[in-house]
Structure formats: structure tokens, C-alpha cells
Amino acid sequence: MIIKDVLCPFCGCLCDDLAVKVENNKVVDIMHACKIGESKIRGHDRIKAPMMRDNKNSEFREVSYDEAINESARILANSRRPLLYGWASGLCEMMKKGVLLTEEVGGIIDNTASVCHGPSALGVHEKGLPTGTLGQFANRADVVVFWGCNPVHAHPRHMGRYSVFNKGFFTNKGRRSRKVVVFDVRKTDTANLADEYVQVNPGEDYMVLSALRAIVAGRVDVVPDTVGGISREKLVEVAETLKGAKFGIVYFGMGLTQSRGKYKNIDNAVSLVTELNAHGKHSIIPMRGHYNVTGFGNVCAWETGFVNAVDMSRGYPYYNPGETCSNDLLMREEIDAAFIIAGDAGAHFPAQSIARMGKVPVINIDPFHSATTEMANIVIPTKVSGVELEGTAYRMDGVSLRMRKLVDVDFPSDEEVLDKIIAKVREIKGASS
Amino acid sequence: MDLKATFISGRTVDQGCNLENKTSKAYFDAAGYCEMNSADAGKLCVEPGNNVKVTTDFGSVVVPLKICEGNPDGLIFIPMGPWANAVVDPNTCGCGMPGFKGIPAVVTPTGETAPTMQQLMARLK
Amino acid sequence: MSEMLIKNATVYDPINGVNGDLMDIAVKDGKIVDSVGNSAQTIDAGGRLVYPGGVDAHTHIAGSKVNVGRIMRPEDSRTGIKPRTAITRPYTGYTVPNVYAMGYRYAEMGYTTAFEAAIPIMKARHTHEELEEIPIIDKGGLTLFGSNWMVMDAIREDDQDRLAAYVAWGLLASRGWGVKVVNPGGGEAWGFGKNVSGLDDPVPNFEVTPRQIIRNLAEVNEKMNLPHSIHLHCNNLGVPGNYETTLASFDICKDIKSRRDRQSLHVTHVMFNSLGGNHWGDFVSKTDVIADYLNKNDFLTIDMGQMIFGSATTMTADGPVQYRNSTTFKARWGNGDVELEDVSGVTPLYYSPQVYFYGVMWAMGLELALLTKDPWKVLLTTDHPNGGPYENYPEAMTLLMSKKKREEAIAKITEKAYDRWHITGIERELDWYDIAIKTRAAHAKVLGLVEQGKGHLGTGADADIAIYDIKPDETDATIEYDKVKAGFRRSAYTIKGGEVVARDGTITATPKGRTFWVRTTVDNDGYGRMMDDLKFKFRNYYSVNMGNYMVQNEYVEHPVVLETEYQ
């Protein structure tokens, strides 16, 4: 059987044109996927059963789902400041349950955007976001900027499907319809495919953005000879390219959110793009990583009013990134339990943050043995969403799509596990109140 | 002999392919290395595959060297993951995001062996 | 389900001509019935005011742009907070409440039905995800067609059967109830940062005019026998002098015969489209001219889009307006283009009575409602949250009921507004019956929901009932407007589908609401031509595969589907 229109549960491109051949409930062939998507769908060694251990340095022992779930509920119900982190590799359906569980235990819910595009959300709070769907850019954009992102590696089909090589209505010559400009601190494989590579000194993106804004505003006179390692002449040339666009699109990544300036870089990039709209049409969009990290932001926003890092300890949502984001909480040693699901804090937080996790009970819900598993006291394996479970995910541009199920497995879904933990937490809290 | 450098981390295809395969040798190969250009490697007198030690104010890690000519002089890259995490800056400057890029680092040749993911995590508990 | 009897109710049920009669209302299995047994649960209304549950025909409560508002405005979500209780989830937000506050606040005011006024087809799944999470109220939505390539291509090629087939497909794909047209053609022009300037300004690259788009969609709407008329947001919104465009837009549909007992054109938030003058310097209210048109014509209804002073989050599929707003007021700008279909923009604004054009616009909504004689023709809305949040409907109701309240409000508005409006000369004060029309009965009629049991209390209607702590025969709303406003703000009882969901402004139960949508059969060869064109566009221009595009049944858990046929 060949299943068509399959969605890829890896990156924020959420490609929905895969075809997967399934025989005897096994994936035997994957068509149209990139190398990463294929690897993801083909799968890896699974955690076979729930496991627990009292001491993080001892061996795990296999336990029943009930035992692991009940113990997880006990830890969460009895903790004063639990962190519930991850979520981005799950479906929207389980995220809603995650918000509810966080309310029930008075914890803090935070997602992987915290170490990814969290600063982009802060930039949006400051300046908004002129954006659109990927097809709008595919059909119209004649100037394409990649700033601090490397889609060849992180979003392998992006340039073929949405941004560079594909043909669209007003871009019917494909690659030749577009001028591609890459800003980065090193000449990446994406930069090698660009018409123009602009090398920025590490940590000096903010200045380069400011210089471009000045030039676009007609104030080249205030721009120094070189900014961020780029000559004024070059900056003027790039600014003219941007101003001359009928439709310009800026795709940006961790090169802006994680480097010096962080959210201020996004503020400045959004400002540049907003100001360019005096000349042509211009948009900007973050290159989201996990296939449903955008879904978490949406679910969290409609459930709580806030996009992530929501503290429910007061009985209502409280949001103050920098105070309520995972790494701040961990570094301040506030957390007394960690519930890590559909995201790998262990592999993607600074070592000093993870070391704090080493001191508190850690519950890890994941199909696979991750770095967080190494830190965990309880491990509960679940279905792989988008391969073994259908449900909702949001593409990086906020287009909501329904992931398909390809094969059946006996593992419970994240949502089922969360439902059971919520029920047990209520039982424990009900009994003690 | 050591090299003063600016450290960044980031994504790669192979790191992505092994995100759900983290206990494997393939993940180590995909995420446990340090990239610099050949000129910088020459200054250190190290060959690709030799181990180097990357040290920042926040920690140090031993990984094998790879050459990437796209890196400008003095820029080193370790794919995002446990090896990079050993040297990144946990300070979020009040915005939630730690410092994963642009960290001053020193690279030295070393005879030490590179840790596995499990060994790195074991240091933290 | 159990039975319920509401005794001693002073009932205003305009659809059934009931005007303040003291009567009992019987409820069984969620519906209004003629009588119930002795064991029925009894609520003694004690002569208090009873209305059918409120219906909101135009509000922005769910979907991408509402969430953009939330994400952009954490400062908004930090207001309106209520902690969770054993029954309710936490409330957040004022202009962009979270999904829970969205449903609870409507129910607390005695509203039981609300229709989302703009669903982009491609993002309809998101809209329905939020609608499903909004507790208590019934809902539906209007689907955007005004700048859609499929629509414009069919119109340019003069193929109305194909157009109808696409509208039917789009309503199915988005699970929509009606045809929304926003700044027709302007959305496509905004794809390259341009706009259309008027009804006869051709859309770039598509060579159809806004006039053709409106006319064809209005004709097709009737041929499809849709429950609602087309729902138009006119071109040139917010541009001084735009009242002429508005009048000319009305005229386009003047000779279109409605196939149902309703208007053949609904024009929304007309306050924003009744501006006179040539620029903001000489800008004046032209609501008198608009109202005069409404008084002379019966094919048309409008809603007010009343402005409420204070914070607003403007959100609209009129992308160019939001760019202009954000640049004029140096405000944050969220723009959201949707490939092949539409655009949108979100911008926070603050309406100050010290700013004369806001003062005049505040008056204009009221003028439209008060100068138009027939109360059925002008719905009370704030175009939530564009004019202001819907939680201020009681404020707007009492402004319409009391000249004294209006005078009090006017005294706080800058005098620079005074010679630009008509409000000071208006004596009219609406009564309880008028308000029942403007907040429920007319909304249900305009949307085509009367047959679905909404907006009235006749036998067989949904038992959606609001009991307010107001005794109409003892209350002079022209003077005691504070008391009336407080009464409307917190119902004594809100009953939804026969269940008490709110008591004295506090939520007591949170059932799931239903979602209304329309399925139209287009049984001619226009359907085949449409599918050919649609498949071509998906293959070549959409970034989503056709097989993944349409909203699946999973996203509408409690649907009410109206079937119609294209003729």
C-alpha cells in the first residue's frame, strides 16, 4: 500500500507531499522526503517499555505503564515548582493536555522555542511581524534573503519547495526569477548557492541591520566605512537590491536569535522589513525547527494568552520570559521536578542548566532514548506522532495541517499518557485537599 | 600552541538524521566534532580526526577536528548537541535564550579522548 | 435532558412579536416547548427582563489573526485575568481573550451564539481548532472569497457556474456558513504592496474589478440559496470620503433578489466606511447619507462596528489598511498574507476621546443605529476587537438607550469633533424591544439562523435564554443606564440549550457548543471546470497538497450542517 500526501514529522517545512509504501504494517519505502525526513520516518531503536530508577546513576528497571504514570503523577502533584518542557515534536492535541496538566500542578510550561525562536517572539512583542504563507513567497518573491540560517542542513527541502529553485505564478523561471542573498558568519552550504554572500562578524548582525535601515531611510551619511565587517559600499549595494524588490522575503534563523543582541536582532530585522514596505512588498519569517514548534506557540497562545514560558503557579497564566523560561528557572535552582516530553532538554540546554536537572526528579516521555533519558528517573515511551499517530501540526508559517498515521503500534500516545497523569494528579490532589 | 577563536553551534543534516538516535556512534560522528578552516588547523598543527580541546569560560570538551573552509579565520563550529553544550553560556541575559553562539574560546591540541553522549551526561548528575 | 420552566418572565422576542409580555417559558430537551410537567426545574424570573440568547453576527474570536494578536500583545493577556476554578479554566485578555474567556464572557452577558467574521480557507483548520476550544456558545464562520484567484479567474472568464462550484467547495473546505468579501480585489493587490482604489479599479494581473467581484458573488450567493447574504467589508475602509464608495457598493446589489427572508447584502462595520471629507483635516461623518440610503432601501442590512474608547486590537483581511494604521500611528504591525486567497493585518490601537477623529468615529456608529429608522437594518456590533472588545456591548446598548448617557460621554470628547458629527442633534432613545432586535433577533435573521432556532423563543427554538436582573417596567433606561449596563453585563441566568451556564455573571457549566456550516450541491458541468482549475492551481501554485487542504471532520466535533442546492 502506498500512502500519499504524507506529512513529514521532522522540521518546520512540514512537507506534505511524501509518499510512503507500507507493507505488513512496516514502512518499506519513503518517496520525496529529504535525508532527515526519511531517517525520521524510517525510525530508530525504540525504548521498549516504561522504566524507572531511584538513583539517576543506577540502572533502569522496566515497569508497567500504570506504575510509571502513577509515580510521575505523584512527583508532579507533590512538587512545588515543576517544569513541563518540550512539546515541539508532539501534536497539538497533546499540547492542549500539557497546558491543562500544567494548570493542575501549578507548574511552568515551556517549549523548545525557549532555546530556538523564543527571542523571535520577543521581537514580535516589540514590533509585530509582517509575514505570510510559504506559497505567497514562492509565487511572488524576487529577492530572497537567508539571514543566520542554513536551510541546506536544517530545512533540506525548503529551497526546492518554497524559496529558491521552485517555480511560482510570478516566479515562473524558478531559480532565475530570484536573487538570493545570504547573511551569515561563515560560508555555509546555503551561502554557496546564493547570488550574494555577505559575511557578518560574529555578534554584529544588529549593527549590520541598523546600517541597512539607515541606508534604506536615505541616511547613508551616518554609516561608517565598514559595519560588522562589511564595507559601506557593499551595504549600499545590498540595500538597493532590497529596495528594488517587487517582493522581498527574509528567512531568518538561530544566527539572529542566539547571537549577541538576541531578541533585539529580531526587533531590528522586523523593523528593517517593515520599513522596506515603503518601497515594495516585504515579509519576514522565522525558520522554525521542530515540525510542530509553531503549533505549540499557537496552542499555548489560544489556551493561555501567551506564546510559551507560562507559569501557572498562581492559578492563572503568568508570562515573563527571562524569568519563566526553562534555562532561567534551572539556573536559579527553582525547579524541583522536570517533566520533559517531545523535546530533548538534555541534548540542547547548556551543561550547567542540565546539571540542575540532575538534582531533581526527571520524567521523560519520549519514543527514543535521548540525552534527557540519561538524566531521567522515569521514562515512558509513546507513539511517534505523524508516523504512528494522526493529529494536528503547524507549519513554520502557521498553516495548520493534519499529520497522517502510517503504521499501527501498541505504544500509547502522548495524549493518552497525559490524560492518565492528569486523572491521577487530580486524584492525589483531591485526596490531600 | 593554542588558538583563540569565536565559537558557534548550529544544525547539520547528519545531526538532524540522528536526533532520535542519540546513543549511537552515528550521533557521535554527527555532533561530536569541531570545525575550523585549514589555516587555523595549521596554526594548531593538528590534522582532521585529531582531538582538540575547546575551552570557554563555561567549560571544556574534547572532540575530533574537522576542516571546513567556509569558516573564516578564528571561527569554530560544533554542531548543536551535548558536546557544544559543554562550552556554551547558560546566561540568558534575561530573555530566556542562553548564549549558543559567539562565545570566546580557546582550542588546544590534546591527547585526551572524546567523551560519548552518555559520558558527557554522566558528568552532570 | 430535564425540563425547565421560567416563570414570570418579561419577555422581548421580536421575531415572534412578543414585546414585554409577562409570561412563562417552557423548556424540554434543550428546546422551547409549549408546556412542561410539574416536575420541571423552575426559575422564577420575578418580572425580570428575558431575551433570547444573544447572537453576534460579526466578531473576530478565532483563528490565525486572533492568535497573532495574542502573541503580539502579551500586555493585553495580562489584563482581564481570572484564576481557574473547579469549573472554569483561567481567563486572560481584554481585546484578545484566550479561548476560555472568549466563551465565558459571552455567556456571562447572556450571549449564546457568535460568528467568526473572517476565515481564510487555507487557515480554516486553525480557526476551527480555536472555535472548538471556545466553551459554551454555538458558533460558525464566514469564509473569505474577495481576493481569491479561483474566484477572480472564474469571474474574468465569465463562468458563474464554476464560481458557484468553487464557493461551494470553499465553504466545504473551510466548514463555513457564508461568503465574506473584504476589500474585494485589494487583497491580491496587497500581494505586491498595492491596493485597489475603488470599485472600477482593476485588480493587477487579474483584470477584474471589485464591482465585478461583489456583483458575481452576490448573484452566486442567491443561486446557491445560502442562509446568509454576502457579507461585505467595503473598499477604501478608513479613507476620508469613502462613504461614496460605500454607497456605490450598496448600489451594486440593489436589484439582486434574495431567495430567503433576509437581505441580499450585508455590509459590515459601516462606521469605518461612512467617512466624508477629502483628508483627515476636513473629515466629517456622513452617516446621515448612509442612513438615508438604508431608510429608502430594504435589500440591505449593516452592522455598526461601534468604537469603544480605550485599547483595541484591529485585525482584518484588509491588509493595506493595517499597513497604513501601523505606519501612521507607529504601532506594531502583524501582516499575514495567504497564498492565492487573501491577506490580513493586525495592529494594536488606542482610541482616545482626546483625538477628534476617534471622537467622531465613536459617534458615527451610534448615528448609524439611531438615524436608521428600522432597527432590524442595523446590528449592534463593535466589530470585536476592531472597534473594541465585545464585552462592551452593554456600554453600546445603553448609549443607544439614553440621550443623557450620550451627552455625558460627549462631554469627555474633544470639542474638535463637535462640528463634524450628527450625534448631538439626535433625540432618539431605543427601548427594550429595539435592543432585543439589535443584539439577537436581527443578527439571527441576517445570518439566516432563525430557522436553526436562534434569536427567538418560539416553540421549537433552541432554549438559549438570557434573564437579566432588570425589571423593565420599573427601570427607566434613559436615566438609570448604569444599572442597565450592569444588568446586561452580568446576566442573572444564561441558559444555553436548556442548561443554566451562568448565574449572576458567574459560569456554572461549560458544555461544548455546536458549529454551523453549509454544504451546497452544485450539480452542473461548472463543477468539473472548477475542479480542473483547482487541481491546476494546487499542482502549480499552492504550497499544500490538495489532499491535505480541506478541514477534516475531526475539527468540527458538533456540526450542524445546512444543505442547499445551486440553481
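Quick caveat, the model's predicted, so the values are computed rather than measured. (Residues numbered from 1 in each chain as written. Chains lettered and ligands numbered in written order. Predicted model: local features only at pLDDT ≥ 70, side-chain atom pairs only at ≥ 80, totals over all residues. Heavy atoms only, no water.)

Draft legend 1. Representation of the overall build of chain B in the model. Counting its regular elements, chain B contains five helices and six strands. Relative to the compact-globule value of 14 Å for 125 residues, chain B shows a C-alpha radius of gyration of 14 Å, a close match. Principal axes of the C-alpha set define a box for chain B whose edges measure 35 × 35 × 25 Å. Counting every position in chain B, which comprises 125 residues, the buried fraction comes to 62%. Expressed as a percentage of contacts within chain B between residues at least 6 apart in sequence, the contacts between residues at least 24 apart total 77%. In the structure as shown, chain B presents an accessible area of about 4500 Å², 52% of it carried by carbon and sulfur atoms. One way to put it: in chain B the 10 positive side-chain charges average out to a point 7 Å from where the 12 negative ones average out. (Helix = DSSP H or I, 4+ residues; strand = E, 2+ residues; numbered from the N terminus. Rg over C-alpha atoms; globule rule 2.2 N^0.38 Å. Buried < 20%, exposed > 50% of the residue type's maximum accessible area, 1.4 Å probe, protein only. Contact = heavy atoms within 4.5 Å. Areas by Shrake-Rupley, 256 points an atom, 1.4 Å probe, with all protein chains shown as cover. Lys, Arg positive; Asp, Glu negative; His and termini not counted. Charge placed at Lys NZ, Arg CZ, Asp CG, Glu CD.)

Draft legend 2. Up close: the pairing of strand β23 (residues 515-521) of chain C. Residue and element names in this part refer to chain C. With respect to burial, β23 is a largely interior element, five of its seven residues being buried. Pairing geometry for strand β8 (residues 138-144) and β23, over two bridges, is parallel. Bridge assignment links Gly140 to a residue of β23, and that residue is Phe516. Alignment of β23 against strand β24 (residues 559-565), held across seven bridges, turns out to be parallel. (Pairing = 2+ DSSP bridges.)

Draft legend 3. Region of the structure containing the pairing of β8 of chain C. Residues and elements named next belong to chain C. Burial of β8 is extensive: seven of the seven residues sit out of reach of the surface. Sheet topology places strand β7 (residues 111-119) next to β8; five bridges connect them, and they run parallel. From the neighbouring strand, Glu116 faces β8, where its bridge partner is Gly141. When β8 meets strand β9 (residues 178-182), the two strands line up parallel, connected through three bridges. Bridging from a neighbouring strand, Leu144 pairs with Lys180 of β9.

Draft legend 4. Examining the side chain of Thr246 of chain C more closely. All names here are of chain C. The topology assignment puts Thr246 in helix α9 (residues 243-252). Taking the relative accessible area as the measure of exposure, Thr246 reaches 0% and is therefore buried. At 2.6 Å, the side chain of Thr246 forms a polar contact with the backbone oxygen of Asn273. Excluding its chain neighbours within four sequence positions, the residues that come into contact with Thr246 are Cys234, Val270, Asn273 and Ile290. (Polar contact = N/O pair within 3.5 Å; in protein donor to acceptor, adjacent residues only side chain to side chain.)

Draft legend 5. Geometry of the pattern of salt bridges. In total, this model carries 86 salt bridges over all chains according to the counting rule given. The salt bridge partner of Lys53 of chain B is Glu112 of chain B, with a shortest N-O separation of 3.1 Å. Within this pair, whereas Lys53 of chain B is found in strand β3 (residues 51-56), its partner Glu112 of chain B is found in the loop between β6 (101-109) and α5 (117-122), the two being separated by 59 residues in sequence. Residue classification places Glu112 of chain B among the partly exposed positions, given a relative accessible area of 41%. Taken together, the shared-partner salt bridges connect Asp153, Arg156, Glu157, Asp159, Arg162, Asp525, Arg529, Asp533 and Lys537 of chain C into one network. (Salt bridge = Lys/Arg side-chain N within 4 Å of Asp/Glu carboxyl O.)

Draft legend 6. Region of interest: the confidence of the model for chain C. Scored by pLDDT, chain C has a mean of 98; 100% of the residues are at 70 or more. Scoring of the predicted complex yields 0.98 for pTM and 0.98 for ipTM. (pLDDT = per-residue confidence, 0-100.)

Draft legend 7. Local environment of the interface of chain C and chain A. On the chain A side, the residues contacting the 52 residues of chain C number 65 residues. Ranking the residues of chain C by area buried against chain A places Ile71, Phe192 and Trp333 of chain C at the top, with a combined share of 14%. Counting across the interface, chain C meets chain A through seven salt bridges. If you look at where chain C meets chain A, you find 42 residue pairs in polar contact (both at pLDDT 80 or more). Of all the secondary structure elements, the ones that give two or more residues to the side of chain C that touches chain A are α1 (64-72), α2 (74-77), α3 (99-108), α4 (124-133), α7 (186-190) and β16 (333-337) of chain C. Tallied by class, residues from the side of chain C that touches chain A come to 20 nonpolar, 17 polar and 15 charged. Sheet topology note: the strand β8 (residues 128-132) of chain A/β16 of chain C ladder contains five bridges and is parallel. Residue pairing across strands places Leu129 of chain A opposite Gly334 of chain C, the latter belonging to β16 of chain C. (Buried area = accessible area lost by both parts, 1.4 Å probe. Nonpolar A, V, L, I, M, F, W, Y, C, P; charged D, E, K, R; others polar.)

Draft legend 8. Spatial organisation of the interface of chain A and chain B. Residue-level contacts link 54 residues of chain A with 46 residues of chain B. Here Glu35 of chain B makes a salt bridge to Arg186 of chain A, at a shortest N to O gap of 3.4 Å. If you look at where chain A meets chain B, you find 17 residue pairs in polar contact (both at pLDDT 80 or more). Broken down by secondary-structure element, the contributors of at least two residues to the side of chain A that touches chain B are α1 (35-42), α4 (118-127), α6 (151-154), α10 (254-257), α13 (326-331), α14 (345-348), α15 (351-357) and α16 (371-375) of chain A.

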